[in-house]
Structure formats: structure tokens, C-alpha cells
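If you want the building blocks of each chain, they are given just below.
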Amino acid sequence: MTTEDFNNSLAAADVSPLWNVMANLVTETPRPAARPHLWRYADMRPLLVAAGEAITAEQAERRVLILENPGIPGGHRTTDSLYAGLQLVLPGEVAPAHRHTQSAMRFVFESEGAWTAVDGDKVVMHPFDLVLTPNWRWHEHGGEGAPAIWLDGLDIPIISHFSAGFAEREGNAPAPDSVPPGISAARWGSNLKPIHPVGVKSDHPLFHYPFAQWRQALTAHAGASDPDTHCGHVMEFVNPVTGGAVMSTLSAFAHHLPAGMKTRPYRQSAGAVFTLVEGSATLTIDGTAYALEPRDVIAVPSWAALEIHAGSEPAVLFSYSDRTCHEKLGLWREQRD
Ligand code: 1HN
């Protein structure tokens, strides 16, 4: 059999030779398709405003611009395994209730009274609040006061990979005021928890992490200890019941760097999405420097070497990543140069 006949016979039998692809399948270190990429808020905001004129939240179901990684054209993803989008809800609009197996987090960029209801518990969102809508929890958003814009972080590529997507729309969704507003924070956000069943899904019970609280905790922590040389001060947002990641597939972090601090190069297997909250910061990713203004969003692919340099003010950043998946699967690694 000639080589050509052999190759053709393999293809006809729906098999392929591993030896041609093995080095690409089993790499010494991660080779993400995603590239480091920065989306500037100054460029994004006018596009969102235009989206607000092009379509209503109701028609769109969710009026979102997906942050498409240029290394994965048409992939609807921001890193290989993470999705990020920017969502606009105008005053008086409602983004209707739905639930799905994808887990989502919102990191609020602008809001003057907009709300999200999770299983009927309605919370008002303020800038830089973190709001979770975990797997299979009903959620809807409402605009109030002024246009609201937030960063949506989802595990869509992870759920697609496992072909585990299920969704329901409207139907039996609880009304946004069907439980006392803030009941979840009262039950699980005060270093207490109910010991008898309360009739709600409570595996990820706390869904609102207000900026006013996390900023104060981060500042106090930063003032009381030395920053990690490679990461600065980092605190993880946690599920109060487990002490683990905020959701089953996604981890979220608050970062603080003292003014002028420059971290050493740091790699981790988890890919991440970062945004700047306060101050100014330059992120150098695999040697390329990106200067961030508040609300700019940047993709940090798996195993990229990351250095963060704070400007003349302390820098506060927020990030989310797939780290908890790596940890649960025994995959998480880091490297400190
Ligand atoms: C979703 O449910 C929201 O609820 C936003 O705001 C973006 C992207 C894909 C799938 C579900 C939301 C989403 C999404």
C-alpha cells in the first residue's frame, strides 16, 4: 500500500494517525488559542449606547456585546474557557427571567438603581458590586434611574465542552419581589446560616457581594500585611457555606497593589479576565504592556506570564477565572519567575 493509499484508507475508516498530531495534543506547557487582548471601556461604551438604540432588552433577551478573543474568531469566548460580555439595561427595561446551567457573574460598571432578582430576591446593584447567578437559578434584570452597564462573566465554553447546556425561559419564574429583598444576604451573608431547610436552592446561597463591603475588607487586609511579590494582595470571593469558589466552575478575586508596586512574572494554568476598579495599572502579559483605565477588560490566557504595575495610586482590580475547575480536576499549577 502506498503512503497515500494508506492515509486515504485511514480517513475513509474514520481514524487518524496519532503520531502526526501527538506533539500538538500532548504539549509540555499549555498552548491556549486565546491571545492577551484589551477591550477599552472608552471604545466599548459608545457601542453599547448604539446597541441600546438598535434593539430593546426584551427583544434581545440580553443586550450584550460579547468580548470575542481575536485568537478564536467566532468562538464567542474571551479566553479558551471563559466568556465575557458587556450588558446594557436602560431605565424601565426588564431583561426577562430565565435560568440555565451556565453559571454567571455580573461585575457592575455603571448603575444608579438597576436591579437583579435571583429566585425572586431583588437586589439593587451599585458600581463594582459582584452579583452571582449560579447554575439553574432564575434571574432577571431591571433598569432604573440611569443606563446600567456591567461585565458578564460566564462559563459558557466549559458547559459547551461538556455539552451540558439546559435552559428555561419565563414559565414558573418567581416574581422579582416574591421573597423579602435581601433575604439571601440576611440568611447567609452575616456569618450565620439557617440550620433548618428554608425551601430554596442553597448550594450557592449568597449572590451579592457589595463593593462597599469588599473594598473595605481588601483595604484593611492590604494595610495589615505585605503583598505577595508575584500577585500583590489577593482576596477570593467565597461561597459562605463551603469557603470555596463562588460558583462550581468560576472563581472570583479582588486584587490590591500599593502605589508603584510592580509584581514579578507569574504564570498559572487558569485563564482569567481582569478589569481595573481604581487607580491605574499596567498589565504586562508575555512581555507586552497594556495600560488599563478603570472598567477596561483584559484577557489573560492560561500560562501567560503576568506582571502588574500599579501607577501613582494604589491599584484595585477584579478578576475571574476557571481556577476552581483546575483545582477540582487536579490541574492547577503556578510558576513564579
Ligand atoms: C445570561 O443569562 C445573561 O442573565 C447575560 O444577564 C449573558 C450570555 C450567554 C448565556 C446567558 C444574563 C449571557 C447569559
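Refer to the structure presented above.
Residues take numbers from 1 onward in each chain, read along the sequence in its written order. Residue-level local features of this predicted model are given only where pLDDT is at least 70; pairs of side-chain atoms are given and counted only at 80 or more, and the full residue set underlies all totals for whole chains, interfaces and linings. With hydrogens and water excluded, all non-hydrogen atoms of the structure serve as input to the side-chain values.

### Quick notes on the pattern of salt bridges
Within this document, salt bridges are pairs made up of a side-chain nitrogen of Lys or Arg and a carboxyl oxygen of Asp or Glu, the two lying within 4 Å of each other. If you walk through the whole model with that rule in mind, you get 13 salt bridges. Linking Glu93 and Arg63 is a salt bridge whose minimum nitrogen-to-oxygen distance equals 2.6 Å. Within this pair, whereas Glu93 is found in the loop between strand S3 (83-89) and strand S4 (94-100), its partner Arg63 is found in the loop between helix H4 (57-60) and strand S2 (64-66), the two being separated by 30 residues in sequence. Judged on exposure class, the residue Glu93 and its partner Arg63 are both buried. Here Glu327 makes a salt bridge to Arg323, at a shortest N to O gap of 2.7 Å. To qualify as a helix, a DSSP run of H or I must reach at least 4 residues; to qualify as a strand, a run of E must reach at least 2; elements of each kind are numbered from the N terminus. When accessible area is computed with a 1.4 Å probe and restricted to protein chains, residues below 20% of their type maximum are described as buried, those above 50% as exposed, and intermediate ones as partly exposed.

### With respect to the site of the ligand
Proximity criterion: a residue is near a molecule or strand once any of its heavy atoms comes within 4 Å of it. Close to the ligand lie Arg62, Tyr83, Gln87, His98, His100, Arg106, His139, His141, Asp152, Leu154 and Ile156. What qualifies as a polar contact is a pair of N or O atoms within 3.5 Å, subject to a donor-acceptor requirement within protein and to the restriction that residues adjacent in sequence count only when both atoms come from side chains. Between the ligand and His100 there is a distance of 2.7 Å, counted from an oxygen atom to a side-chain nitrogen or oxygen. Here the residues of the shell around the ligand sort into 3 nonpolar, 5 polar and 3 charged. Side-chain classes are defined by residue name, with Ala, Val, Leu, Ile, Met, Phe, Trp, Tyr, Cys and Pro counting as nonpolar, Asp, Glu, Lys and Arg as charged, and the others, Gly among them, as polar.

### Description of the packing of aromatic side chains
Here a Phe, Tyr or Trp ring, Trp counted by its six-membered ring, pairs with any other such ring whose centre lies within 6.5 Å, and the pair is stacked when the planes are under 30 degrees apart, edge-to-face when over 60, and tilted otherwise. All chains considered together, the criterion is met by 10 aromatic pairs. For the pair Phe107 and Phe109, a centre-to-centre distance of 6.2 Å together with 90 degrees between the ring planes defines the contact as edge-to-face. As far as burial versus exposure is concerned, Phe107 and Phe109 are alike and both buried. When the ring of Phe107 is compared with that of Trp214, the centres are 6.3 Å apart and the planes differ by 40 degrees; the resulting orientation is tilted. Separated by 107 residues along the polypeptide, Phe107 in strand S5 (residues 104-110) and Trp214 in helix H7 (residues 211-224) bring together distant segments of the chain. The exposure classification of Phe107 matches that of Trp214, with both residues buried. A connected cluster of aromatic rings, assembled from ring pairs, spans Tyr41, Phe107, Phe109, Phe128, Tyr209, Phe211, Trp214, Phe237 and Phe318. Over the aromatic face of Trp115 sits the side chain of Lys122, whose NZ or CZ is 4.4 Å from the ring centroid. Lysine NZ or arginine CZ positioned within 6 Å of the ring centre and within 35 degrees of the ring normal marks a charge as sitting over the ring. In this structure, Arg323 is placed above the aromatic ring of Trp332, and the distance from its NZ or CZ to the ring centre is 3.7 Å.

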